[in-house]
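Examination of the molecular architecture
Residues per chain are reported as follows:
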Amino acid sequence: MNWVLGLVATRSSWWIIVPFVTLLVAIALVPLIAQHHWERHYHKLCIALTGIVCLYYFFVVKESARVVHAGIDYLTFMVVVGSFFVVAGGIHLRVKSPSGAMRNTLFLFVGALLGNLIGTIGASMLLIRPWIAMNRSRVAPMHIAFFIFLVSNIGGALLPVGPPLILGFLKGVPFGWTLQNCWRQWLITVAIVLAVFFILDLINLRARKRAIPESEITKWRCDGVQNFLFLFALLAALIAMRPGWREPLMVLIALGSYFATPQRIREANNFTLAPLKEVGWLFLGIFGTMIPVLEYMERSADKLGLTSETAFFWATGLLSALLDNAPTYLAFLAAALGLHHFEINEPLQVADFISKNGSELTALSLGAAFFGALTYVGNAPNLLVKTIAEHARVPTPSFIGYIWKFAMPILIPIFVLISILFFR
């Protein structure tokens, strides 16, 4: 990849990207080779690799501001993820099961829409347990993969109510801009993914069809309805409050939800903080070790080969699949602004950029939102969904299996089509 080669060529201390590469390889392979040891020691690896990079920036190149900035981004990220995780964990949806292919497809479509109203984090945490329950008799790795595709990633590409688009909103992108400019690409992508899912789920249903015991058939019911108010309060705080005030308020809202929710509801959801803890450690490592990668992108925008909307779409997308798509989106937004001699921290210049180069913003916005579905580390909800599914003891794709069996063969051809139709 050009950005890796450029980083190696332009920085004498190229070895500082080794912790980042090491972490990605470890996340992908070690759980397959030594899962027990990984579960016991992965947090130590994240701390060690992050420590190496941070010490380098503190004492070797003396650019401590980058570490501080990454630390603030990480804390904000975890507050947003954690708050939605806690509040959504207080809503227990009892769905009618078993579910057929058509009902499953409609459920995923509603989940994609909901991802724009309460964010992909909130929608994923709210719907993943009902999704598992309604398919309990025949749940397959495919069900987890398509849930991540639509609810945790692609669905949330229209409104900036969560990562990655919330970062653009905070830098001056109008709230409704992505809805106005990305709805056609969103609709085509969602429709194709849903069509593929319907066919595969119909095959799965016919292959595993059996008599369902009466005890598996339930009615629709929602407990903890008051937590929808807390969810929309989180959204309001995320959108309306200034940084510094926003994070403490979101924590208070989450605590209010936690103590206002009867314990029986969280027990019905099998709610624990274990998934959030795992995501916290892994993204500590990601945010820490990616500092030199983002530094190169900020300083070398003119060397990245971003000469077209197609280049922005694929470059932002592929890096989003390797990193969390939120900081990747922000880095490519900074690169796009830099190419036109604009400053990302100047709202008037951001507005001027959007008015003149909106197609580039469309491409990088969709690249980040869509390609986050390619790997488990591409977006925060992906790992949350994976760990919740594993704790529920349902078949869940491995890191490599998710990429090669589902994401690559299903999503890449669709993204190629979107690129041809809209970014030629």
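Overview of unusual backbone geometry
- If you check the backbone angles, Lys62 has positive phi at about 50° while not being a glycine.
- The backbone phi angle of His341 is positive, close to 65°, even though this residue is not glycine.
- The exposure class of His341 is exposed, given its relative accessible area of 71%.

Quick look at the side chain of Glu247
- Secondary-structure assignment places Glu247 in helix H11 (residues 246–260).
- Judged by its relative accessible area of 13%, Glu247 falls in the buried class.
- A distance of 2.9 Å separates a polar atom in the side chain of Glu247 from the backbone nitrogen of Gly244.
- Those residues within four positions of Glu247 in sequence are excluded, and the remaining contacts are Thr76 and Val79.

A look at the packing of aromatic side chains
- Tallying each qualifying case throughout the model produces 25 aromatic pairs.
- Geometrically, the ring pair formed by Phe146 and Phe149 is edge-to-face, given 5.2 Å between the ring centres and 65° between the ring planes. In this pair, Phe146 and Phe149 are both assigned in helix H7 (residues 141–150), 3 residues apart and thus about one turn of the helix distant.
- Taking the relative accessible area as the measure of exposure, Phe146 reaches 0% and is therefore buried.

Focus: the confidence of the model for the protein
- Looking at the protein, pLDDT values average 86 and 93% of them are 70 or higher.
- H7 holds the highest mean pLDDT among the elements of the protein, 96, whereas helix H1 (residues 2–10) holds the lowest, 45.
- Within the model, the stretch residues 1–12 combines pLDDT values under 50 with 21 contacts to residues more than four positions away or in other chains.

So, how was this worked out
Residues numbered from 1 in each chain as written. Predicted model: local features only at pLDDT ≥ 70, side-chain atom pairs only at ≥ 80, totals over all residues. Heavy atoms only, no water. Buried < 20%, exposed > 50% of the residue type's maximum accessible area, 1.4 Å probe, protein only. Helix = DSSP H or I, 4+ residues; strand = E, 2+ residues; numbered from the N terminus. Polar contact = N/O pair within 3.5 Å; in protein donor to acceptor, adjacent residues only side chain to side chain. Contact = heavy atoms within 4.5 Å. Phe/Tyr/Trp six-rings, centres within 6.5 Å; stacked < 30°, edge-to-face > 60°. pLDDT = per-residue confidence, 0-100.

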